[in-house]
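Structural description and commentary
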Amino acid sequence: MIESKYLDIIKEFADNTDIIICILRGSKFAYANQALQRNLGYSLEELYAMDFWDVIHPEFRDLGRERGLARQRGEELQESYELQLLGKEENSFWVHLKARYTSIEGEPAVIVSAFDINERKAMEADLLRQKESLQLMLENNPVATALVNPEGKTLYVNPRFIEYTGYNLEEVSSSQVWEEKVLSEMPHRQEIMKTWYHNLKERGYSKGKIVLRRRDGERRFFNIHSVSLPDGHIILAAWDISDQVEARKILQESEARFKALSEASFEGIIISENGICIEANQAAEKLFGYSREELIGLNVMDFTAPEAREIVKSQMMSASQAPYEAVALRQDGSRVPVEIQGRDFIYQGREVRAAAIRDLSERRRAEEEIYRQSTNLQALFYNTPDGVVLCDAEHGVLDINPRFMEHFGYNIEECRGCILEEVLVPEELREESAFMSRMVSSGQANSRESVRKKKNGELLPVLVTMIPIASSGYYVLYTDISERKEAEATIQQQIEELEAKNAEMERFTYTVSHDLRSPLITIKGFSGLLLQDLEKGKTDRLQKDIQRIINASGKMEELLEDLLELSRIGRILNPYSKFPMNQLCHEVVELLSGPISQKKAEVAIAPYMPWVHGDRRRIAEVVQNLLENAIKFMGAEEHPRIEIGYFPSQGECGFFIKDNGIGIEVKYSEKVFGLFDKLDQNTEGTGIGLALVKRIIELHQGRIWVESAGAGQGSTIYFTLPAVPDSMTKGEK
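Remember, it's a predicted structure, so these values are computed and weren't measured experimentally.

**Regarding the overall build of the chain**
Per the secondary structure count, the chain includes 26 helices and 27 strands. Across the chain, every contact between residues at least 6 apart in sequence was considered, and the portion connecting residues at least 24 apart equals 47%. As displayed, the chain has an accessible area near 42,400 Å², and 52% of this comes from carbon and sulfur atoms.

Below is the structure:
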C-alpha cells in the first residue's frame, strides 16, 4: 500500500525520468507521467478520458486487457512482459512493461512502468534478417561451406558441398571420416591435418590446396579456406579447382614460362585486362584468324559473336570459373562454336582474366555424326527383316521393332519392362537361354539356332543373335528360319529317298548280275549239250534239253518284265483322282474271284472305308498284289479267310489286309519287301511283288509294314495313304 504522503514524491520522480510510469484504477488512468504523454502524444486530460487498453497496439490489446482484469481479480501473473503501445499519431513503439498491483489511500491500483525497447527490437529484427540472409547466402553459395565444432564434429554442410563431394552431413560428421574417406587420396594427410589445426589455433585461419576423393571415387582438386570463430567453431570454405590446376600452374610462372606452356596448348588462351586482350597464344591466333599483334589491344567483344556477347560479359563480370559455351567471331566473319573457361588472377602485378577457349567444331561434327549414326541405327532397327529387341543390363525389354511384333504377336506395351526370357523362351530351353544371356552380359556376342514361343503358343524356328551394348544392355535379333528348316527337311527327305533308291539300284545291279545270269547260264549250258547230242545223233534227250532252255528263257522274260514294271513306277503315273476305297477293293476281289474260289477263301471287306486321292490304277495294283500274296501263302488252312479293313491314323488313312495263312517270322518282316527276295524259292513268281507295292505306297507319301505272330499264325500287312480333307469329298458318297 502506498500512503498519500508518498504519492506526490513518486509523481515528482516520475515526471523527471525517461521511464514511462502511470497509475491505473481499474482500466482508467489515475496518473500518467511526462514520458508517457511525450511518447504517446496525448495530453494528461486526454489520457484521463481513455482506458489503458486504448493506448495498447491492437495486436496486444486483448492480451493487455485479459492480464489487467486478471490482476484486478487478484490473480498472480507475470509482472513484466513486452508489447507495443500505440500513440495518437498511430505511431507504435515497443516497451518492456512491468505492472504491479497495490493500493493507494486504501483503494486498489496498479502501478505500471515501462522502458522503451524500440531500438533493441529493431536490432533483434535486424539480427534475424541477417541470420536469414546468411542462411540464404550459405544455401546458395557457389562455394562449398561447412561448419565444424571445436570437437571436430561437422554441424552443417551446404548444398554445394554435397554437390562437390557427394557426401551428405551424416557421412562426414567426424574428422576421422574426413581422413578415411574424403581425404583418403591425399598424400601425408595426417601431417597436413595437424598443420591445418595448428594454423587455425595460432593465426585464426588456414588455407591451402587439397586432393579430395569424391563419394563416387573420383579425385578432385580443391582450394580450401578455414576460419576459427571466437567460440571455437570453424567455418570451412572450398571450391573445385580441378579444371584450373594446369592453368594456375601456367599463370603463376614467369611470362616466358607462360608463353612456352600456352604455345603448347591446343586450346586458345586469351589474357584480358578490363576486357582488353593483352596476351594470346598461337592456338588463339589460329582460332580467331588474327595475328597475335592484331589480337593484342582488341576488346574481347570484337571476336565474340553478337548473340554470345551477353553471356561472355556476364561470366567476366561475375568472375565465374565454370566452363560455358559461346560463339566466337573470326576475322573473316565466320562463326565458331567454342567452350570457354576463365579465371581471374594476378599477372605481372595486374588484375587480369585468363580464358581457355576450346574449338567445339569437331565435337559438333562428331555429335552430328553420332546423331546420323543413331538415326541410321534407328532406321535399321525399325526396318530390318529380323525381329529385334533392345534389353537393359537386367534383361528387361526396353523396345521392340515392328518385325518382332509380326513374328511373335506381342506389342510394345505387353513387352516393355518384362524379362525377355519369360516372354519368349519355352520352359525346356530356359537353361540354353540363360547361358546365352550370361555370355552377352560378359560382353560376348553369341548366336545359335533355337525356337521361341509366339503369343498364341506356337513355336517359331529362329536364329537367335545376342549383341552386347557397352555398359547399357544388349540387342537380340530373331531371324525367322522356318522356311529354311522346311527346305532342309525337304532336302533331308530327298537325301533319304536317294539313299533308298541307291540301295535299290545296288540291289537291282545285283539282280541283273546274279538272278538274270542264272537263266542265261542254264540256256548256254543246255544249248551246248544240245549241240553235242546232235553231233552224236543222240535224239532221246533233245526234247528235255529244249524244254529246259524254254523254261530258262521264260524265267528270264518274267524277270525282265517285273524289272520293267518296277522301273516304270515313279516315272509313269496316272493322273490322281478321288475314289472310294470300298469300291476299289470290291473291284479287285471280283477280278481275283477265280483264285479266291479255287482256294475256297472267304474275303471280308469292311463296310466303311474313306475316300482316297491318288493313282487309282496303282492303288488297285497294291490291293491286288497283297490279295494274291495272301492267297499264295495261305498254306493248308482248312478255312482260309482274308480281311480287308481300315484303321484311323492321325493325319493319314490306314488300311490292312489280314490273312490266317502260314505267317512270317519277325526277323523276315523287312526282307519280304526286298527286290527279288523270296522266302520260299519253290513258289511261283520272281519275288518282286511286295517291292512293287512298297514303291507305289511310298510314292503316295505313305508307309507299309507287316505284322505276324510267327509261322502258322497268319499275317497282316498295313499301309497308309495321306488323309483327304473333307472339303475334297463334300457331296460325294
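**Thoughts on the confidence of the model for the chain**
Low pLDDT means the predicted coordinates in that region are not meant to be read closely. Per-residue pLDDT for the chain has a mean of 81; in total, 84% of the residues score no lower than 70. Strand 22 (residues 602–605) holds the highest mean pLDDT among the elements of the chain, 93, whereas helix 26 (residues 726–729) holds the lowest, 54.

**Comments concerning the packing of aromatic side chains**
For the structure shown, the criterion picks out 15 aromatic pairs. Considering the side-chain rings of Phe52 and Trp53, the 6.0 Å spacing of their centres and the 70° angle between planes classify their relative orientation as edge-to-face. Across the pair, Trp53 and Phe52 agree in class, each one buried. Aromatic side chains Phe288 and Phe303 sit 4.7 Å apart centroid to centroid with 50° between the ring planes, which places their arrangement in the tilted category. Taken together, the residues span a long stretch of sequence, with Phe288 in helix 11 (residues 282–288) and Phe303 in the loop between helix 12 (292–295) and helix 13 (309–317) at a distance of 15 residues. When its relative accessible area of 4% is taken as the criterion, Phe303 is described as buried. Each member of the aromatic cluster is reached from another via a ring pair, and the members are Tyr608, Tyr646, Phe655 and Phe719.

**Describing unusual backbone geometry**
One non-glycine residue, Ala319, lies in the positive phi region at around 55°. Mapped onto the fold, Ala319 is located in the loop between helix 13 and strand 13 (324–329). Judged by its relative accessible area of 32%, Ala319 is partly exposed. The phi dihedral of His395 is positive, around 70°, even though this residue is not glycine. Examined against the element boundaries, His395 turns out to sit in the loop between strand 16 (387–391) and strand 17 (397–400).

**What to know about the packing of helix 24 (residues 616–632) against helix 25 (residues 689–699)**
One way to put it is that helix 24 packs onto helix 25 with a least axis distance of 9 Å and a crossing angle of 145°. When the axes of helix 24 and helix 25 are compared, the crossing they make is left-handed. Across the interface between the two elements, Arg618, Glu621, Val622, Asn625, Leu626 and Asn629 from helix 24 touch Gly689, Leu690, Val693, Ile696 and Ile697 from helix 25. In the contact of helix 24 with helix 25, the residues fall into six nonpolar, three polar and two charged.

**Quick notes on the state of the cysteines**
One way to say it: the disulfide is the covalent bond shared by the sulfur atoms of two cysteines. Taken as a whole and assessed by the stated rule, the structure comprises zero disulfides. Not part of a disulfide, Cys415 finds its nearest cysteine sulfur in Cys418, a span of 6.5 Å.

**Regarding helix 24**
Taking 1.5 Å as the rise per residue, helix 24 with 17 residues should run 24 Å; its terminal C-alpha atoms sit 24 Å apart, in good agreement. Buried within helix 24 are the following residues: Arg618, Ile619, Ala620, Glu621, Val622, Val623, Leu626, Leu627, Ala630 and Ile631. At the N-terminal boundary of helix 24, the capping side chain belongs to Asp615, with an oxygen 3.2 Å from the backbone nitrogen of Arg617.

**Looking at the sheet that holds strand 19 (residues 459–469)**
Strand order across the open sheet formed by five strands is 17-16-20-19-18, with antiparallel pairing between neighbours. Lying at the two open borders of the sheet, with one neighbouring strand each, are strand 17 and strand 18 (446–453). Going from strand to strand, the sheet's axes swing by 30° on average, the running direction of each strand aside. Taken together, the three bridges between strand 16 and strand 17 define a ladder with antiparallel strand orientation. Looking at the pairing, Cys391 lines up with Val397 of strand 17. Across the sheet, helix 14 (residues 361–383) touches strand 16, strand 17 and strand 20 (473–480), and the angle it forms with strand 17 is around 75°.

**Remarks on the pattern of salt bridges**
Counting across every chain of the model gives 38 salt bridges. A salt bridge links Arg120 to Glu82, with the nearest nitrogen and oxygen atoms 2.3 Å apart. Here Arg120 is found in helix 5 (residues 118–140), whereas its partner Glu82 is found in strand 3 (residues 80–86), with 38 residues between them in sequence. Taking relative accessible area as the criterion, Glu82 reaches 27% and is therefore assigned partly exposed. Through salt bridges with shared partners, one network takes in Glu82, Arg120, Lys121 and Glu124.

**Examining the pairing of strand 2 (residues 28–32)**
As judged from the four bridges shared by strand 1 (residues 20–25) and strand 2, these two strands associate in the antiparallel manner. If you follow Cys22 over to strand 2, its bridge partner there is Ala32. As consecutive antiparallel partners, strand 1 and strand 2 are separated by two residues, and within that stretch Gly26 has a phi angle of approximately 70°, a positive value.

**Some points on the packing of helix 22 (residues 581–591) against helix 24**
Where helix 22 contacts helix 24, the axes come no closer than 10 Å and their chain directions differ by 55°. Taken as axis vectors, helix 22 and helix 24 run oblique relative to one another. Between helix 22 and helix 24 the crossing geometry is right-handed. Where helix 22 approaches helix 24, its residues Met581, Gln583, Leu584, Cys585, Glu587, Val588, Val589 and Leu591 are matched on the opposing element by Arg616, Ile619, Ala620, Val623, Gln624 and Leu627. Here the contact of helix 22 with helix 24 is composed, by residue class, of ten nonpolar, two polar and two charged.

**A closer look at the sheet that holds strand 6 (residues 144–148)**
Pairing within the open sheet is antiparallel, and its five strands lie in the order 7-6-10-9-8. The sheet terminates laterally at strand 7 (154–157) and strand 8 (205–213), the two strands that pair on one side only. Put simply, the sheet's adjacent strands are angled 25° from each other on average, direction ignored. By the bridge criterion, three bridges tie strand 6 to strand 7 in an arrangement that is antiparallel. Bridge pairing in strand 7 links Val148 to Thr154.

Thresholds applied
Residues numbered from 1 in each chain as written. Predicted model: local features only at pLDDT ≥ 70, side-chain atom pairs only at ≥ 80, totals over all residues. Heavy atoms only, no water. Helix = DSSP H or I, 4+ residues; strand = E, 2+ residues; numbered from the N terminus. Contact = heavy atoms within 4.5 Å. Areas by Shrake-Rupley, 256 points an atom, 1.4 Å probe, with all protein chains shown as cover. pLDDT = per-residue confidence, 0-100. Phe/Tyr/Trp six-rings, centres within 6.5 Å; stacked < 30°, edge-to-face > 60°. Buried < 20%, exposed > 50% of the residue type's maximum accessible area, 1.4 Å probe, protein only. Axes fitted to C-alpha atoms, helices over the stretch in contact; angles between N-to-C directions. Left-handed = near helix turned anticlockwise from the far one by under 90°. Nonpolar A, V, L, I, M, F, W, Y, C, P; charged D, E, K, R; others polar. Disulfide = S-S within 2.5 Å. Expected span 1.5 Å × (residues − 1). Polar contact = N/O pair within 3.5 Å; in protein donor to acceptor, adjacent residues only side chain to side chain. Pairing = 2+ DSSP bridges. Salt bridge = Lys/Arg side-chain N within 4 Å of Asp/Glu carboxyl O. Parallel < 35°, antiparallel > 145°, perpendicular 65-115°, else oblique.

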